Amino acid sequence: MEGKSLPIVQVDASGHPVHPRKPPVDPATLVHREFLDGPFWQKIPAYRDVDEKTFLDHRWQAKKSITRPDKLMAAVQDLVSDKFLDDVKAGFAHAPMSVRVSPYLLSLVDWQNPYDDPIRRQFLPVYSHMLPDHPKLDLDSLHEQADAPTEGLTHRYPDKVLFLALDTCPVYCRFCTRSYAVGINTEEIEKVSLKANKDRWEKAFQYIESRPEIEDVVISGGDVYQLRAEHLTKIGHRLLDIPHVRRMRFATKGPAVMPQKLLTDDAWVRALVEIVERGRRMCKEVVIHTHFTHPNEITAISKRAMDRMFQSGVIVRNQSVLQRGVNDTPAVMKLFVKKLSFINVQPYYVYIHDLVKGAEDMRTTVATAVELEKQVRGVTAGFNTPTFVVDAPGGGGKRVVHSFEHYNRETGVSVYRSPNVNADAFYLYFDPIDLLPESGRARWANPDEHDAIIAEAIEAARDFQR
Ligand SMILES: *Cc1c(COP(=O)(O)O)cnc(C)c1O
Ligand code: SF4
């Protein structure tokens, strides 16, 4: 071979490639194009006789959502063991977050193996999996309350605000970052009140009006799915009327947990599409940001709902949370990204799990996130490749997970800077202690070590800057 360069594509005598560089894939591997369809819910005892029309009715989904262990037992009956049911009962009693699960989600759980099921893990607490909270956790770990000029409005970044319109959701996630406000009071927590309230909203709108630098408004909650159509209309048009507001995002987990609403709540969809279309005429962007977490949540019903959004000109982006035992492997994350892309939902962010009370078993390490990002980038279009971010505790805002100044894998402490929020501050994230090496776990086990662990990390970050 000396002196000769290798041919890039080998050809046979008649010039046809014999070893094409990119062999076609076996179509059977294109599983991201397969969507669970048919009356899959009928395998749940309580829904055995439920027809499609009923299952697609969003009011039925809301009415039949489960908030108590006895109702769960009645729904799944003999599908699960007594041991599991007792574990869930104890889980409900100890959970800081309220529980609410739609029949749709219940139907997607693999009840043969509920402990490992990614949807069960997100919505139904089991006591035997609970871990002690991290010693550095506090309730509003993102300091949304501290950065609020009016109640329920967080102004942290220069040109964007987060507006929490209400405090209820179509489902309640066990890992909710806003468990300080969202859901009903539980035995564990008395919540901050952020109810749907026109006077509170008007104060937020007036603040936005008074600050010409604000161009971007995230309308969240709770969940805007729970807003009545006329409230959606009121909020949407009031914000469009503010000249300097250029971009609005309605944040809702709804498409992931109750896609039925987008197919059958015509008044709500019409209200949304009217805001989007008026925004477009005004050259302002109005989009939906949703929150799928696992490929199993993306069914033929989700696809129909997202098709309706796309055909109505509504852009949908996704922000998901990296969760242990849910979506923390390359295979799941790649399938997830491909599946979202296929239904025209842009995978925008994957958040490292916040420090949330009662959800320590769902968090994973920064190292895991760094590795996953490498595995996922390149699998599809760059604009459909999520950015992996840490929403730095203490109000630092979102930082790209790789951008730490320092990361100590032994103690699990990573240190970030956030110059647009505070040029001088360091923001720290903490890996879950149970995933640290033995030596790191031992240091955290001794409270006298905690200050030293943190001081060392900050010192190392300063060194890196010098
Ligand atoms: C996430 C967030 C935003 C929006 O940030 P993007 O990076 O633009 O998606 C705005 N305000 C607050 C307080 C936030 O947490
Ligand atoms: S839908 Fe969002 S705001 Fe509501 S409980 Fe889940 S994570 Fe929290």
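Residues numbered from 1 in each chain as written. Chains lettered and ligands numbered in written order. Predicted model: local features only at pLDDT ≥ 70, side-chain atom pairs only at ≥ 80, totals over all residues. Heavy atoms only, no water.

**Q** I would appreciate a short explanation of the overall build of the chain in the present structure.
**A** Looking only at helices and strands, one finds 16 helices and 12 strands in the chain. Its C-alpha radius of gyration of 24 Å places the chain within 12% of the 23 Å reference for a compact globule of 466 residues. C-alpha extents for the chain along the principal axes are approximately 80 × 60 × 60 Å. Taking all 466 residues of the chain together, the buried fraction comes to 54%. The long-range share in the chain, meaning contacts at least 24 apart out of those at least 6 apart in sequence, stands at 76%. Roughly 20,900 Å² of accessible area belongs to the chain as shown, and the carbon and sulfur atoms make up 51% of that amount. Side chains of the chain give 61 positive and 63 negative charges; the mean places of these two sets differ by 5 Å. (Helix = DSSP H or I, 4+ residues; strand = E, 2+ residues; numbered from the N terminus. Rg over C-alpha atoms; globule rule 2.2 N^0.38 Å. Buried < 20%, exposed > 50% of the residue type's maximum accessible area, 1.4 Å probe, protein only. Contact = heavy atoms within 4.5 Å. Areas by Shrake-Rupley, 256 points an atom, 1.4 Å probe, with all protein chains shown as cover. Lys, Arg positive; Asp, Glu negative; His and termini not counted. Charge placed at Lys NZ, Arg CZ, Asp CG, Glu CD.)

**Q** For this particular structure, what's the right way to read the sheet that holds strand 10 (residues 406–408)?
**A** Two pairing modes exist for strands in a sheet, parallel and antiparallel, and in both the strands are linked by backbone hydrogen bonds. An order of 10-11-12 is seen for the 3 strands of this open sheet, with the pairing classed as antiparallel. Each end of this open sheet is capped by a strand with a single partner; those strands are strand 10 and strand 12 (422–430). For this sheet the average axis-to-axis angle between neighbouring strands, irrespective of direction, equals 20 degrees. Judged from the 3 bridges that link them, strand 10 and strand 11 (residues 413–418) form a sheet pairing that is antiparallel. By the bridge assignment for strand 11, Tyr-407 is matched with Ser-414. With respect to the sheet, helix 16 (residues 450–465) is in contact with strand 10, strand 11 and strand 12, its orientation differing from that of strand 12 by roughly 130 degrees. (Pairing = 2+ DSSP bridges. Axes fitted to C-alpha atoms, helices over the stretch in contact; angles between N-to-C directions.)

**Q** Even after reading the chapter, I still don't get the sheet that holds strand 7 (residues 345–352), so can you show me in this structure?
**A** Read from one edge to the other, the open sheet built from 9 strands follows the order 1-2-3-4-5-6-7-8-9, with strand pairing classed as mixed. For this open sheet the edge positions go to strand 1 (153–154) and strand 9 (397–400), each flanked by a neighbour on one side alone. With 2 bridges connecting them, strand 1 and strand 2 (residues 160–164) associate as antiparallel partners. Its bridge partner lying in strand 2, Leu-153 is registered against Phe-163. Running at roughly 160 degrees to strand 4 (residues 247–251), helix 8 (residues 229–240) makes contact with strand 2, strand 3 (216–220), strand 4 and strand 5 (285–290) of the sheet. Those strands touched by helix 13 (residues 330–342) are strand 6 (316–322), strand 7 and strand 8 (387–392), and its axis lies near 145 degrees from that of strand 7.

**Q** Would you take a moment to explain the site of ligand 2 for this structure?
**A** Contacts to ligand 2 come from Met-97, Cys-169, Tyr-172, Cys-173, Cys-176, Val-182, Gly-222 and Lys-253. The pocket occupied by ligand 2, as judged from atoms lying within 2 Å of grid points, is the largest cavity. Across the shell around ligand 2, the residue classes tally to 6 nonpolar, 1 polar and 1 charged. (Near = heavy atom within 4 Å. 1 Å grid on protein atoms, 1.4 Å probe; cavity = no way out; pocket = protein on both sides within 12 Å on 5 of 7 lines; lining within 4 Å. Sits in = over half its atoms within 2 Å of the grid points. Nonpolar A, V, L, I, M, F, W, Y, C, P; charged D, E, K, R; others polar.)

**Q** How should the site of ligand 1 be read in this particular structure?
**A** Residues in close proximity to ligand 1 include Thr-154, Arg-156, Tyr-157, Lys-160, Leu-162, Val-218, Arg-249, Tyr-348, Tyr-349 and Lys-398, which together make up its full environment. Here an oxygen atom of ligand 1 and a side-chain polar atom of Arg-249 are 2.6 Å apart. Contact distances for ligand 1 include 3.2 Å between an oxygen atom and a side-chain N or O atom of Lys-398. At a threshold of 2 Å from the grid points, most atoms of ligand 1 map onto the largest cavity. The set of elements that each furnish at least two residues to the shell around ligand 1 consists of strand 2 and strand 7. Class assignment of the residues belonging to the shell around ligand 1 gives a composition of 5 nonpolar, 1 polar and 4 charged. (Polar contact = N/O pair within 3.5 Å; in protein donor to acceptor, adjacent residues only side chain to side chain.)

**Q** Any chance you could explain the domain arrangement of the chain here in plain terms?
**A** In many reports, interface size means the accessible area that the parts give up when they come together. What the domain assignment lists for the chain is domain 1 (40–129), domain 2 (145–398) and domain 3 (404–466). Computed from C-alpha coordinates alone, the two centres of domain 1 and domain 3 are separated by 38 Å. (Domains from an automatic or database assignment.)

**Q** When you look at empty space enclosed by the protein in this model, what are you seeing that I'm missing?
**A** Regions of empty space are outlined by a rolling probe, equal in size to a water molecule, passed over the atoms. Inspection of the entire model under this criterion finds 2 cavities of 30 Å³ or more. Considering only enclosed or pocket space, the largest cavity measures out at about 920 Å³ in volume. Residue lining of the largest cavity: 41 residues in total, with Arg-178, Ser-220, Ala-251, Gln-319 and Tyr-351 positioned closest to the centre. Looking at the lining of the largest cavity, the elements with two or more residues in it are strand 2, strand 3, strand 4, strand 5, strand 6 and strand 7. It is strand 7 that provides the largest number of residues to the lining of the largest cavity, a total of 4 residues. The calculated volume of the second largest cavity comes to roughly 60 Å³. Looking at the second largest cavity, the residues that line it are Ala-95, Pro-96, Met-97, Ser-98, Val-99, Phe-123, Pro-125, Met-130, Tyr-172, Cys-173, Arg-174 and Gly-358. A per-class count over the lining of the second largest cavity returns 9 nonpolar, 2 polar and 1 charged. (Points joined across faces, edges and corners; volume = space filled by probe spheres on them.)

**Q** Explain the pattern of salt bridges to me, please; I cannot follow it from the model alone.
**A** Oppositely charged side chains are able to pair whenever their charged atoms sit close together. Taken as a whole, this structure holds 25 salt bridges when the rule is applied. Across the pair Glu-285 and Arg-317 runs a salt bridge whose closest N-O atoms are separated by 3.4 Å. With Glu-285 in strand 5 and Arg-317 in strand 6, this pair connects stretches of sequence that are 32 residues apart. Taking relative accessible area as the criterion, Arg-317 reaches 16% and is therefore assigned buried. The closest approach of N and O atoms between Glu-456 and Arg-443, which form a salt bridge, is 2.8 Å. Separated by 13 residues along the polypeptide, Glu-456 in helix 16 and Arg-443 in helix 15 (residues 438–445) bring together distant segments of the chain. It is possible to trace a salt-bridge network through shared partners that takes in Asp-159, Glu-215, Asp-216, Arg-247 and Arg-249. (Salt bridge = Lys/Arg side-chain N within 4 Å of Asp/Glu carboxyl O.)

**Q** Would you explain the packing of helix 13 against helix 14 (residues 366–376) in this entry?
**A** What describes two packed helices is the angle between their axes and the distance between those same axes. For the pair helix 13 and helix 14, the least separation of the axes is 10 Å and the interaxial angle reads 50 degrees. Taken as axis vectors, helix 13 and helix 14 run oblique relative to one another. Handedness of the crossing formed by helix 13 with helix 14: right-handed. Together, Pro-330, Met-333, Lys-334 and Val-337 of helix 13 and Leu-372, Gln-375 and Val-376 of helix 14 make up the contact between the two elements. (Parallel < 35°, antiparallel > 145°, perpendicular 65-115°, else oblique. Left-handed = near helix turned anticlockwise from the far one by under 90°.)

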